Amino acid sequence: MNRNLKIAAIIIGVLILIVIAIPFFIDANAFRPKLESELSDALGRPVKVGNLSLSLFSGAVKADDISIADDPAFSQTAFVQAKSLSVGVELIPLIFSKSLNVTELTLNQPEISLVRSKDGERWNFSSLGAKSTVKPTQPTPSGGASSNPNLSVSKLKVSDGGLTISRAGSSEKPRVYDKVDITVTNFSFTNSFPFKMTANLPAGGTLELDGTAGPIDANNAALTPLQAKVTVRKMNLAASGFIDPASGIAGIADFDGTVSSDGHEAKTVGTLNVEKLQVVQKGAPAGRPVQVKYSVTYDPAKQTGTITQG
């Protein structure tokens with residue numbers, strides 16, 4: 001081995017030793033108050049994270065668990081409870097100045113609960129990002145002063161999550177989606193951002209969304225503008241939770257279309273293909289597939305829609 005190779009081998013060995021030793025000199029839990037504070041401030045909700053550990057090989061700080069509080073007007077339980085949180089960080093500032101600069105957030109196996117109010121006007125996520133003057137133990141008013149925080153993350157991910165959608169005070173069975181994966185790039189409260197979402201539907205079937213959303217509405221996150229391509233496969237209409245079982249409507253549906261919303265009016269356009277369509281109780285399923293091309297506008301505030309093409 002010549003002299004240059006020996007020097008290179010020594011340098012590489014030293015670097016490896018440094019990488020192995022650094023976690024013993026940096027206590028990742030020292031960053032927990034800062035991480036909790038910044039996330040709480042950004043979301044307008046108390047955020048708690050578990051034990052932190054540093055992984056230099058992946059360039060991430062990992063937490064054993066994370067919980068995000070619900071809007072107290074809805075419940076005192078967690079809005080999001082995740083098995084673990086991975087925080088991508090800039091290594092150079094972390095190593096040399098012990099500064100925590102977040103570049104990526106990944107929620108692993110989270111359980112997310114979306115609840116709509118009894119009157120249907122708000123959701124428990126409507127107040128996300130809001131800056132309110134009320135105490136955390138008081139309900140968030142629908143018209144309280146708020147402003148979007150100055151927060152941006154290069155990549156935000158939800159991996160293998162569970163999503164439950166229900167209505168406050170309702171006896172209806174909640175809709176449960178599993179295998180929920182969401183990827184958001186260049187996330188910001190004040191600008192639009194691209195996203196992708198896939199999930200398994202209740203009672204079988206799959207859902208895929210691919211589009212852009214934002215900027216986040218400062219007063220009601222549920223009114224955030226959205227444009228996306230929607231693909232649904234093998235949705236069981238009778239068990240989907242979108243149709244009243246008493247209507248007698250049933251069948252297995254595929255859907256390809258788009259949805260767009262400016263926050264005040266939503267529009268969906270697409271083609272619905274249904275096999276074994278049944279439209280009345282005790283009726284016989286159709287012997288041939290039925291295809292419907294349609295366009296619908298929907299007013300979220302009034303919860304009413306108009307068919308403009310069908």
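For clarity, every value in this text was computed on a predicted model and none was experimentally measured. (Residues numbered from 1 in each chain as written. Predicted model: local features only at pLDDT ≥ 70, side-chain atom pairs only at ≥ 80, totals over all residues. Heavy atoms only, no water.)

(A) Summary view of unusual backbone geometry. A cis amide bond links Gly 214 with the next residue in sequence, Pro 215, at an omega value of 0 degrees. Mapped onto the fold, Pro 215 is located in the loop between β10 (206–213) and β11 (226–236). Phi is positive for Gln 109, close to 50 degrees, though the residue is something other than glycine. Relative to the helices and strands, Gln 109 resides in strand β6 (residues 102–116). Positioned with a positive phi, Lys 276 is a non-glycine residue whose angle comes to about 55 degrees. Take Lys 276: it is sitting in strand β13 (residues 266–278). (Helix = DSSP H or I, 4+ residues; strand = E, 2+ residues; numbered from the N terminus.)

(B) Main features of the packing of aromatic side chains. Taken as a whole and judged by the stated rule, the model has four aromatic pairs. Summarising the aromatic geometry, the rings of Phe 255 and Tyr 294 are spaced 6.0 Å apart at their centres and angled 40 degrees between planes, so their arrangement reads as tilted. Remark: Tyr 294 occurs in strand β14 (residues 290–299) and Phe 255 occurs in strand β12 (residues 250–261); sequence separation between them is 39 residues. The burial state of Phe 255 is the same as that of Tyr 294; both residues are buried. Three or more aromatic residues joined by ring pairs form one cluster here, namely Phe 187, Phe 189 and Phe 193. The aromatic ring of Phe 79 is capped on one face by Arg 45, whose charged end is 5.4 Å from the ring centroid. (Phe/Tyr/Trp six-rings, centres within 6.5 Å; stacked < 30°, edge-to-face > 60°. Buried < 20%, exposed > 50% of the residue type's maximum accessible area, 1.4 Å probe, protein only. Lys NZ or Arg CZ within 6 Å of the ring centre and 35° of its normal.)

(C) Structural detail: the side chain of Thr 224. Mapped onto the fold, Thr 224 is located in the loop between β10 and β11. A polar contact is formed between the side chain of Thr 224 and the backbone nitrogen of Asp 217, at a distance of 3.2 Å. Among the polar contacts made by the side chain of Thr 224, one reaches the main-chain carbonyl oxygen of Ala 221 at a distance of 2.8 Å. Each residue touching Thr 224, except ones within four places of it in the same chain, is listed here: Gly 214, Pro 215, Ile 216 and Asp 217. (Polar contact = N/O pair within 3.5 Å; in protein donor to acceptor, adjacent residues only side chain to side chain. Contact = heavy atoms within 4.5 Å.)

(D) Highlighting the confidence of the model for the chain. Residue-level pLDDT values for the chain average 81, and 78% of them are 70 or greater. Note that pLDDT drops below 50 for residues 17–25; the model gives that stretch eight contacts with residues more than four away or on any other chain. Segment residues 132–147: pLDDT under 50, and 24 contacts once partners within four positions in sequence are set aside and those in other chains are kept. (pLDDT = per-residue confidence, 0-100.)

(E) Representation of the nonpolar core in the model. Residues Ile 66, Phe 79, Leu 85, Leu 114 and Leu 163 are the most contacted members of the largest nonpolar core, which totals 53 residues. Here the element with the most residues in this core is strand β5 (residues 78–89); it accounts for five residues. Ignoring any residue separated from it by four or fewer positions in sequence, one finds Leu 85 in contact with Leu 35, Leu 39, Val 49, Val 61, Lys 62, Ala 63, Ile 66, Leu 105, Thr 106, Leu 107 and Asn 108. (Core = buried A, V, L, I, M, F, W, Y, C linked by side-chain atoms within 4.5 Å.)

(F) Highlighting the pattern of salt bridges. For the structure shown, the criterion picks out three salt bridges. The closest approach of N and O atoms between Lys 179 and Asp 160, which form a salt bridge, is 3.7 Å. Taken together, the positions of Lys 179 in strand β8 (residues 175–188) and Asp 160 in strand β7 (residues 152–167) put the pair 19 residues apart, joining distant regions of the chain. Close ionic contact of Arg 233 with Asp 256 constitutes a salt bridge, the shortest N to O distance being 3.1 Å. Of the two residues, Arg 233 is situated in strand β11 and Asp 256 in strand β12; the sequence distance between them amounts to 23 residues. Taking the relative accessible area as the measure of exposure, Arg 233 reaches 31% and is therefore partly exposed. (Salt bridge = Lys/Arg side-chain N within 4 Å of Asp/Glu carboxyl O.)

(G) Spotlight on the side chain of Ser 127. Tracing the sequence through the fold places Ser 127 in the loop between β6 and β7. Separated by 3.1 Å, the side chains of Ser 127 and Arg 45 make a polar contact.

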